[in-house]
Amino acid sequence: VQLQAFGGGLVQAGGSLRLSCAASGRTGTTYAMGWFRQAPGRDREFVAAVIWSGWLTYYADSVKGLFTIPKDNPKNTVYLQMNSLKPEDTALYYCGSSPVKVGRRVTAADYYDYWGQGTLVTVSS
């Protein structure tokens, strides 16, 4: 499974940005895809996730109501739509993918078996 993340860039505070994560080499439909971010000097933190076979979505409290995680089934692509961006959203954003694991937390980084390269989001004040 290969994941390709892109769409990062420089945006002013209050602006919007949409990240994309395209998956290839994956079979089946029961899997999770998630977005995490890592700011300099900080641990990787959960942002949002979606269970592909259904419409279950999960969001970090810090982004609820601001970010959404839509997906495009035919394109095997998940997005992270980020609105009302703040300087504290500045980070390297990663997407991850994994078959669904019963009893494990989809909000934890160790849930995911595959990761894309990071894409940098910089929000200026």
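Details of the structure are given in the entry above.
Residues numbered from 1 in each chain as written. Predicted model: local features only at pLDDT ≥ 70, side-chain atom pairs only at ≥ 80, totals over all residues. Heavy atoms only, no water.

Asks: Hey, could you go over the environment of L66 for me, with residue numbers and the actual values?
Replies: With respect to the helices and strands, L66 occurs in the loop between β6 (57-59) and β7 (67-68). Distance in space between the C-alpha atoms of L66 and S16 is 9.6 Å, their sequence separation being 50 residues. Beyond its immediate chain neighbours, meaning those up to four positions away, L66 contacts Q81, M82, N83, S84 and K86. (Helix = DSSP H or I, 4+ residues; strand = E, 2+ residues; numbered from the N terminus. Contact = heavy atoms within 4.5 Å.)

Asks: For the pattern of salt bridges, give the residues involved together with the corresponding values.
Replies: According to the stated counting rule, one finds 5 salt bridges in the structure shown. As a salt-bridge pair, D110 and R104 come within 3.8 Å of each other at their nearest N and O atoms. When its relative accessible area of 41% is taken as the criterion, R104 is described as partly exposed. Several salt bridges share partner residues, and in doing so they unite R37, E45 and D89 into one network. (Salt bridge = Lys/Arg side-chain N within 4 Å of Asp/Glu carboxyl O. Buried < 20%, exposed > 50% of the residue type's maximum accessible area, 1.4 Å probe, protein only.)

Asks: Break down the side chain of R37 for me, citing the residues and quoting the values.
Replies: Its place among the elements puts R37 in strand β4 (residues 31-38). Engagement of the side chain of R37 in a polar contact is seen with the side chain of E45, the distance being 2.6 Å. In this structure the side chain of R37 is engaged in a polar contact, spanning 2.9 Å, whose partner is the side chain of D89. (Polar contact = N/O pair within 3.5 Å; in protein donor to acceptor, adjacent residues only side chain to side chain.)

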